[in-house]
Structures are given as structure tokens and as C-alpha cells.
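Architecture and fold: a report
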Amino acid sequence: MLQQNDHRYDCITQTLLVMISLSCFVCNSLVAFKAVCVYPDIEFKQGDKRHVVEVEVLFDGIREMREAFTVNLKPDENMVAETQVTKAIVYIEESNSMADVTFPSLPNVMSLLHYNDVARKADNLYPPAGYPVICVTACDPKYPDYDKTGSICVSERINNTLTRYRWLISAPAGPNGVTSPMKEVDFETFFTSAKMITLDSVYFQAGSRVRCTARAVNSNGEEGLELSSPIVTISQEEGMCLPRKMGTVGAEPFSAKLHYTGTDDLKHHNLIKVTITMPHID
């Protein structure tokens, strides 16, 4: 329950009529306020110096950094006095804000091949092609500065196993060095996901740029702010199945098909059949 105090400093021998209203600039609507947005006019009768208007704010259950609303006073309708302060901003701080659940440092993208040797920072800039990449947060024991960030993660009760991930990729740069904008990976297959700690190599190729975002979650399941990693470029010189010509996928032309055998196949039921056709010379 909040109280708005309206004071009168002019001659108190005459009657004043002032209108008070509320407006919220965080919510999409004014549903957070129990009372109507425009209150009945405040009448300062002869001898009145102060009026108190109560505003009841309802908890909406949404965790935010903070909420705010304004209290607006319209001029005296009787034109007796001048309204000196016409607007007041009221901030309501979240007792357990999203900022309390934030990784102490930016995540890193590196090849899953080097996950157990994250100190190889030079290789992290260009993960080898053909291998999945992994998003290493500051609360991961494999993080290079975990000796500094680990204690912060414990004090903030961040549960790294609950971290929410997103991945963004872009096509390789053109011959003139112009890069494409980063776009979120929003499609999945039956064997890959774009919302996990790792991103399969089917989503990118040599020369692609990759970035991950990580949202911290504490032990109570409360989500915090999202942090983005620096952009890394997939190596064009190291990896598996490097293309003979840059800008193409695969080392040799081939076609691959996946087929679900289902329950009708007597020998290999409920399995995935992979058929690869490659040109050859006998």
C-alpha cells in the first residue's frame, strides 16, 4: 500500500480542486493497479493543508528488474493556486530481481573436441570444422577462469545444469570479407536440438560464425539475465570433411538419406537406416 501526500502551501482560505491520475510505463496495461487510473478530484477546503491518497499495487507474479508508475496532478480547476509539482515517479524494486541470477562472466564457444582443454584459447577462436561446438558458461568447471567465477556461482546459487541456451549462426564471409547477420537457430531434427549446451555440426560449415547465449537459472528455478558469447569462426583449415572448394559443403559430392525402419522390418525394426551414395570409379 502506497500513500501519495498532497500538500498545500498557498493561502488556505479558499477552496482548491485538483485531479490525480496514475500511469504505468512498465506494464502493457494498467492491470497492476487495483483502483481506477483516474481518481476522484481532491478538494482542498478552507483550512485544509494536506490530503493523503492511497494506491494499492497488486503483485503480478512476473519477475522484473523493477516496475514504475507515475502520479500526475492536474492544475487547480478553480484557478486559485498553481500546481508546482505535477508529476512524481514511483519505483518498485524487485526483492529478488533477475539481476541476482546472472553469470559473472560471458560464456565461451569452443569445439567439443577441446572441451577438456579449454586453456587452448588460440584454438577457441577457430573451432575445427565437422565437430560440435559447446557453450561453456562461467559456472562450468571447464571455464578458463572458474577459479575466480566458481565462488560467485555458489553464492548466487546458480545451477548450471538448468542453464537455458540459444545459438546464433551466420554464413561464411564472402570473398570481399562482408559478413552476414547472425540469425538464431530455430529448427531441430530428431537427433539434434538448438536449445542445448552443444550445437551439432550439421548447423554450420567451415567459415561459419557461431555465437551462443546462456540464461542463468538458480536452484529455485528462477531465470535471470541472458549473456552472449563472443563470436567465433569455424576453421577453414582444420577439421573433418573439409570442402575442396570453399563455400561448398563436404569434401566429395555425395547424397545421404535417412529412413526410419519402423515395426514392419523383420531384421532391423525401429531403427534408423542411413544410405550414402558416393560416385566412384571401378
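Residues numbered from 1 in each chain as written. Predicted model: local features only at pLDDT ≥ 70, side-chain atom pairs only at ≥ 80, totals over all residues. Heavy atoms only, no water.

The protein chain is annotated in an unreviewed UniProt entry as FRAS1- extracellular matrix protein 2 of Xenotaenia resolanae.

Some thoughts on the overall build of the protein chain
Definition in use: A run of DSSP states H or I qualifies as a helix once it reaches four residues; a run of E qualifies as a strand once it reaches two. Both are numbered from the N-terminal end. Exposed residues in this analysis have more than 50% of their type's maximum accessible area, buried residues have under 20%, and partly exposed residues fall in between, with area computed by a 1.4 Å probe over protein chains only. Here the Shrake-Rupley method, with its probe set to 1.4 Å, supplies the accessible areas, and only the displayed protein chains count as covering residues.
Across its full length, the protein chain carries 2 helices and 17 strands. By the burial criterion, 32% of the 282 residues in the protein chain qualify as buried. Carbon and sulfur atoms form 55% of the exposed surface of the protein chain, whose accessible area is close to 17600 Å².

Quick notes on the environment of N72
Within the element layout of this structure, N72 appears in strand β6 (residues 66-73). For the pair N72 and I89, spaced 17 residues apart in sequence, the C-alpha separation works out to 8.9 Å.

Quick word on the environment of V232
With respect to the helices and strands, V232 occurs in strand β15 (residues 232-233). On the accessibility criterion, V232 (5% relative accessible area) is buried.

Structural notes on the pattern of salt bridges
Applicable threshold: The working definition used for a salt bridge is a side-chain nitrogen of Lys or Arg within 4 Å of a carboxyl oxygen of Asp or Glu.
This structure, assessed with the given rule, holds 5 salt bridges. Where E223 meets R164, a salt bridge forms, and the shortest distance between an N and an O atom there is 2.4 Å. On the criterion of sequence distance, the pair formed by E223 in strand β14 (residues 223-228) and R164 in strand β10 (residues 164-170) is long-range, its members being 59 residues apart. Using a relative accessible area of 31% as the deciding quantity, one classes E223 as partly exposed. A salt bridge links E184 to K195; the nearest nitrogen and oxygen atoms lie 2.8 Å apart. Of this pair, E184 sits in strand β11 (residues 183-184) while K195 is found in the loop between β11 and β12 (198-199), placing the two residues 11 residues apart along the sequence.

A word on the state of the cysteines
Between two cysteines, a covalent bond joining their sulfur atoms is known as a disulfide. Quick reminder of the rule: Cysteine sulfur atoms that come within 2.5 Å of each other are treated as a disulfide pair.
Overall, the coordinates contain 2 disulfides when judged by the stated rule. Between the sulfur atoms of C135 and its disulfide mate C212 the distance is 2.1 Å. One quick way to see it: the torsion about the S-S bond of C135 and C212 is about 60 degrees, and its sign makes the bridge right-handed. Of this pair, C135 sits in strand β9 (residues 133-136) while C212 is found in strand β13 (residues 209-217), placing the two residues 77 residues apart along the sequence. Residues C135 and C212 agree in their burial class; the two are buried. Two residues share a disulfide in this structure: C139 and C153, whose sulfurs sit 1.9 Å from each other. Between C139 and C153 the sulfur-sulfur dihedral comes to about -90 degrees; the bridge is accordingly left-handed. Taken together, the residues C139 in the loop between β9 and α2 (146-155) and C153 in helix α2 connect sequence positions 14 residues apart. Each disulfide in the protein chain links cysteines that, numbered along the sequence, combine into the pattern 1-4, 2-3.

Notes on a nonpolar patch on the surface
Inclusion rule: Only residues whose relative accessible area exceeds 30% and that take part in no salt bridge are eligible for patches, with like-charged residues grouped when within 9 Å of each other and nonpolar side chains (Val, Leu, Ile, Met, Phe, Trp, Tyr) grouped when within 5 Å.
A grouping of F190, F191, V202, L258, Y260, I272, V274, I276 and M278 is seen on the molecular surface, where their side chains present a nonpolar patch of about 950 Å² in accessible area. Elements with a contribution of two residues or more to the nonpolar patch: β16 (255-260) and β17 (272-277). For the nonpolar patch, the element with the most residues is β17, which contributes 3 residues. Structurally, I272 is set in strand β17.

Some words on the sheet that holds β9
Heads up, the condition is: For two strands to be treated as a pair, DSSP must find no fewer than two bridges joining them.
The sheet built from 3 strands is open, its strands ordered β8-β9-β12 with antiparallel pairing. This sheet does not close on itself; its edge strands, each paired only once, are β8 (108-111) and β12.

What to know about the nonpolar core
Rules: Remark: nonpolar core denotes a set of buried residues (Ala, Val, Leu, Ile, Met, Phe, Trp, Tyr, Cys) joined through side-chain atoms within 4.5 Å. The criterion used for residue contact is that any of the two residues' heavy atoms lie within 4.5 Å.
Counting residues in hydrophobic clusters, the biggest one holds 25 residues, and the most contacted among them are F103, V109, V133, W167, L199, F204 and V210. By residue number, the principal contributor to this core is β13, which donates 4 residues. Once residues within four sequence positions are removed from consideration, L199 is found in contact with P132, V133, W167, I169, S193, A194, F204 and V210. Y115, V136, A138 and Y143 belong to the second largest nonpolar core, which has 6 residues in total.

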